[in-house]
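Residue strings, one per chain:
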Amino acid sequence: MPKVKVDGIDIEVPQGSTVLQACEAAGKEIPRFCYHERLSIAGNCRMCLVEMEKSPKPVASCAMPVMDGQVIYTNTEMVKKARQGVMEFLLINHPLDCPICDQGGECDLQDQSMKYGVDKSRYVLNKRSVKEKYMGPLIKTVMTRCIHCTRCIRFAEEIAGVPEIGAINRGENMEITTYLEKTLDSELSANVIDLCPVGALTSKPYAFEARPWELTKTESIDVMDAVGSNIRVDTKGWEVKRILPRINIDINEEWISDKSRYACDGLSVNRIDAPYIRVNGRLQSCDWIEAFNFISKNIKKFSGDNAFGIVGDLVDVETMYIFKKFFNDILSSNNIEFRQSKYYLDASNKTNYLFNVPIAKIDESDLIILVGANPRLEATIVNARIRKAQINNKAKVFSLGDVGDLTYNYENLGSKLSILKDIANNSHKLSALIKSAKKPMFIIGESALQIEIGEYVLETVKKILKQNNLLGKNWNALNILHQNASSVGALYLNLLSNNTNVLDKINDSNPKLIYLLGADKVKINSKNNFIIYQGTHGGSNSKIADVVLPGAAYTEKDGLFVNLEGRVQEAKKATFTVGNAKDDWKIIKALSDALGNPIDFNTHSILREHLFKDFPIFKHFDVLPNSSAEQLTFKNVSDVNGDIKLNSFDYYATNIIAANSKTMDECRKAKLILKKTATEN
Amino acid sequence: MSGKHVEANQPDKFEFNNESLKKIETILKKYPTERKKSAVMPLLDLAQRQHDNWIPLAAIKKIGEILEVPYIKVYEVATFYTMYNLAPTGKYFVQVCTTSPCAIRGSDKIVNLCKKYISEKESHLSKDGKSSWLEVECLGACVSAPMMQINDDFYEDLDEQSAVKIFEGIKNDTLPKPGSQKGRKGFEPNKRLTLVKN
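Novice: Just to check I follow, could you spell out the packing of aromatic side chains for this structure?
Specialist: Each aromatic ring pair is characterised by the separation of its centres together with the angle its planes make. Under the defined criterion, the tally for this structure stands at 21 aromatic pairs over all chains. Centre to centre, the rings of W288 of chain A and F292 of chain A are 5.6 Å apart; their planes meet at 40°, and the pair counts as tilted. Of this pair, W288 of chain A and F292 of chain A both sit in helix α7 (residues 288-299), four residues apart, which is roughly one turn of that helix. The interplanar angle of 55° and the centroid separation of 6.4 Å between the aromatic rings of F327 of chain A and Y515 of chain A together place this pair among those described as tilted. One end of the pair, F327 of chain A, is in helix α8 (residues 317-330); the other, Y515 of chain A, is in strand β22 (residues 513-517), with 188 residues separating them in the sequence. Of the two residues, F327 of chain A and Y515 of chain A, both sit in the buried class. Feature note: the residues Y321, Y353, Y492, F601, F615 and F618 of chain A constitute an aromatic cluster, connected by ring pairs. Above the ring of F80 of chain B, the side-chain terminus of R170 of chain A is found at 5.1 Å from the ring centroid. Its guanidinium or amino end placed over the ring of Y343 of chain A, R339 of chain A lies 5.9 Å from that ring's centre, counting from NZ or CZ.

Novice: In this structure, what is going on with the nonpolar core? I would like to understand it.
Specialist: Inside soluble globular proteins, nonpolar side chains tend to come together where they are buried. The biggest cluster of nonpolar side chains holds 205 residues, and the ones touching the most others in it are I176, I368, I444 and F618 of chain A. Ranked by the residues each element gives to this core, the list is headed by α8 of chain A, at eight residues. Leaving out residues up to four positions away in the same chain, I444 of chain A has contacts with V371, A373, L449, V457, L458, V461, L478, N479, I480 and L481 of chain A. Of all hydrophobic cores here, the second largest spans 27 residues; its members include F14, I27, A47 and V74 of chain B.

Novice: Explain the domain arrangement of chain B here, please?
Specialist: A common measure of how large an interface is: the accessible area buried when the components associate. For chain B, the domain assignment lists domain 1 (18-80) and domain 2 (92-180). With centres defined by C-alpha atoms, the gap from domain 1 of chain B to domain 2 of chain B works out at 29 Å.

Novice: Looking at this structure, I do not really get the interface of chain B and chain A. What am I missing?
Specialist: On the side of chain A, 19 residues touch chain B, which itself brings 18 residues to the contact. Regarding the contact of chain B and chain A, the summed buried area is about 1,500 Å², with carbon and sulfur atoms giving 57% of it. Among the residues of chain B in contact with chain A, K61, I72 and F80 of chain B are the three that bury the most area, contributing 32% of the side total. One can count one salt bridge joining chain B with chain A. Of the charged contacts, one joins E157 of chain A and K73 of chain B as a salt bridge, the two residues approaching to 3.0 Å between their closest N and O atoms. At the surface where chain B touches chain A, the tally comes to five residue pairs in polar contact (both at pLDDT 80 or more). The set of elements that each furnish at least two residues to the side of chain B that touches chain A consists of α3 (57-67) and α4 (71-80) of chain B. At seven residues, the largest contribution of residues to the side of chain B that touches chain A is made by α4 of chain B. Here the residues of the side of chain B that touches chain A sort into nine nonpolar, four polar and five charged.

Novice: What exactly am I supposed to notice about the packing of helix α1 (residues 18-29) of chain B against helix α2 (residues 40-50) of chain B here?
Specialist: In a packed pair of helices, the relevant descriptors are the angle between the two axes and the axis-to-axis distance. Residue and element names in this part refer to chain B. Running from N to C, α1 and α2 point in directions that differ by 165°, and their axes come no closer than 11 Å. One finds that α1 runs roughly antiparallel with respect to α2. Judged by the sense of rotation from one axis to the other, the crossing of α1 with α2 is right-handed. Facing α1, whose interface residues are S20, K23, I24 and I27, α2 presents P42, L43, L46 and Q50. Tallied by class, residues from the contact of α1 with α2 come to five nonpolar, two polar and one charged.

Novice: Looking at this model, I keep getting lost on the environment of V59 of chain A. Mind explaining?
Specialist: Residues and elements named next belong to chain A. Examined against the element boundaries, V59 turns out to sit in strand β4 (residues 59-60). It is 44 Å that separates the C-alpha atoms of V59 and W475, two residues lying 416 residues apart in sequence. Discounting chain neighbours no more than four positions away, the residues touching V59 are C48, L49, V50, M52 and M64.

Novice: So what exactly am I meant to see when it comes to unusual backbone geometry here?
Specialist: Glycine aside, residues mostly have negative phi, and peptide bonds are mostly found in the trans state. In this chain, A145 of chain B is followed by P146 of chain B through a cis amide linkage whose omega measures -10°. Looking at where P146 of chain B falls in the secondary structure, it is placed in the loop between β2 (131-136) and β3 (148-150). Unlike most non-glycine residues, E253 of chain A shows phi in positive territory, near 50°. A residue is classified by how much of its surface remains accessible, and E253 of chain A, at 8% relative accessible area, is buried. The residue N494 of chain A is not glycine, and still its phi comes out positive at about 60°.

About the criteria used
Residues numbered from 1 in each chain as written. Chains lettered and ligands numbered in written order. Predicted model: local features only at pLDDT ≥ 70, side-chain atom pairs only at ≥ 80, totals over all residues. Heavy atoms only, no water. Phe/Tyr/Trp six-rings, centres within 6.5 Å; stacked < 30°, edge-to-face > 60°. Helix = DSSP H or I, 4+ residues; strand = E, 2+ residues; numbered from the N terminus. Buried < 20%, exposed > 50% of the residue type's maximum accessible area, 1.4 Å probe, protein only. Lys NZ or Arg CZ within 6 Å of the ring centre and 35° of its normal. Core = buried A, V, L, I, M, F, W, Y, C linked by side-chain atoms within 4.5 Å. Contact = heavy atoms within 4.5 Å. Domains from an automatic or database assignment. Buried area = accessible area lost by both parts, 1.4 Å probe. Salt bridge = Lys/Arg side-chain N within 4 Å of Asp/Glu carboxyl O. Polar contact = N/O pair within 3.5 Å; in protein donor to acceptor, adjacent residues only side chain to side chain. Nonpolar A, V, L, I, M, F, W, Y, C, P; charged D, E, K, R; others polar. Axes fitted to C-alpha atoms, helices over the stretch in contact; angles between N-to-C directions. Parallel < 35°, antiparallel > 145°, perpendicular 65-115°, else oblique. Left-handed = near helix turned anticlockwise from the far one by under 90°.

As structure tokens, then:
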């Protein structure tokens, strides 16, 4: 490893590092605009100049590789003057409209000109001005402010895989734009807003909403998909103003998908803010006591086989746990199901339902086979990792089922189930590829687990992996791609019925109690049934309910969520529930009191204690669960013929919060326009 | 000069003709298959030659498809270089040199005449659709500054009178002879020979 000296400090850095990284390792701050850890090196802003011994000129440290024996200075007069000069040039065409710029307060240019710049400019001519460019409903552009760091271009090309941003014209006339000012066709597009070091690309929905110092910041977990991206929720007063990514190298690096970032405006519309009960066929608002009395009056005749619970897609672990307890102890029923559509899962062993390759290790894979999965829409962050595997590791990607554009190259094998059988029988070209690959992985989506074919798909893939010894402790190639944040937590709690038979039973004609815990997508027959809906937003299922109980959204409560790898993470309360709404676990606890059969969890921490005692797996946060691949059992299944059909998937409305978000609606419209005009000029 | 003028009225389709397709084949042979995007500049040139001296957006798309390069990358190249035209140039494409030697010798007067006789903005067609003009950097004829290039010919040693004559000629399709408009030969000194005299 090369040894260098930075400001008199001897330091050893890995081969292939840059001088900038060496300076950082020595604890020296180097200002920069174009350099970014996760993007390729451009070296065009010149802000990172340092002095190097034996070099007559200052060198751009971000692009200079470290060599043994280099002597670097970061605090000499030469460096100071160089930085001042670069800053003066950068500000020549920058408008200095900080008071009306949304980046103000969190602007790299503002901060660095305070620290490294000079207090006045010698430039007397007119500044250039650049027309605004349309980049879609999320990205607001004020291109006069652009300093041409090209971070957005590199992000779109390298991480998002949509090379649509570029720099046109040249010299003084250079402008950053998308091709013919089209919407950026990516689910990661809004990350360019975070990357932009100035106010050229800012957030359109958040425009002029708040200043960064007015916001209360809460570190939390995203629930828009099953990835469990780490986020920061920024609130002003009651309202969630914006959501930003938080760095977690094991999961989302520093990106989040557009839905995670912008669905939050759905939190303030169409909320259920008071309990409702159905009186004379109409829902009318009431207080909690009335609602509970109404429930206890109507609930008496249902118990055991007549009581059903459906858990929705955004429910936290604690609520699911107390819900299960409520059903088991008070209603003496175990008819709880978290799947709102019929697909197959085998809960007998964790390996059967987890994404067993850690997300951070997807980039190490060299062969990826998607079985009825569209990671681009179902788990955008996972898709970015697969793309990374292809770029860094030349991973080959194959897909069973037509999934459309995934932002990287893949081969569509067709959608016949017989292909899986051929692979298992070594009569398909993939068989040899799997044998020769070092770290292959199968990703099975919910579409491939449809109830008719699911067991066959899962067991055949397991058979293929067993033949190739790929179900080991160190590399377990079986991966299930869940779509919902609550899925794995519910599986840990065993909230599922055999072959989703609960979903069949709730639609027969017997009168029964159906308790919907935020379940909006399941189709319910309201006739003869007593339906309780507990949730956050008005939707089709709250309309047909007999009682509606207002719950808390994911930003309004402390709760545990388990991501698709089986990693337990804690979402934090960032704001308050609306109106009369309460934390979901409190509602169920209060309901048990009202029914005269109290569950004695008086505080959230007692609830958690009980949870940890019954299910110790939730005790350890932010770590991957232990492998249980050794105990995996295999079933012999008879051949099933058919096709893997991708379920239609409306990315911008997968859950009730996103469905109520105005921004998500605009994104969908922009996407439709893009689809219509993409083939024209 | 501001950014490149891109024609608003774009044709729907662009196809390379057979002759160009043959040339593309030869051009692509010059580069390894995995680096075929290097052929973007010769292909843009080919498209421009085939399509009346300007490149429509449909051609940019076509080239992107042939070379498997994102459209924006082709567009970046096409807007970067001045010799690619993204708007119709007309029958007479006038390029006026405005680099220092020509500027000292009064190229701004020629530019003003262009504005008067051709069109107010550069890269925009004249009213009769016959010509357009563009300010360019040094064309390498500083010895006979100021000068301009019309299609492939240099018109040098210009002054306002001779320039007006040329612009009138554009209108009537009667261009004067290319070369020095003062009748200089071989660009010997303007007044008297000094070096080779004795």
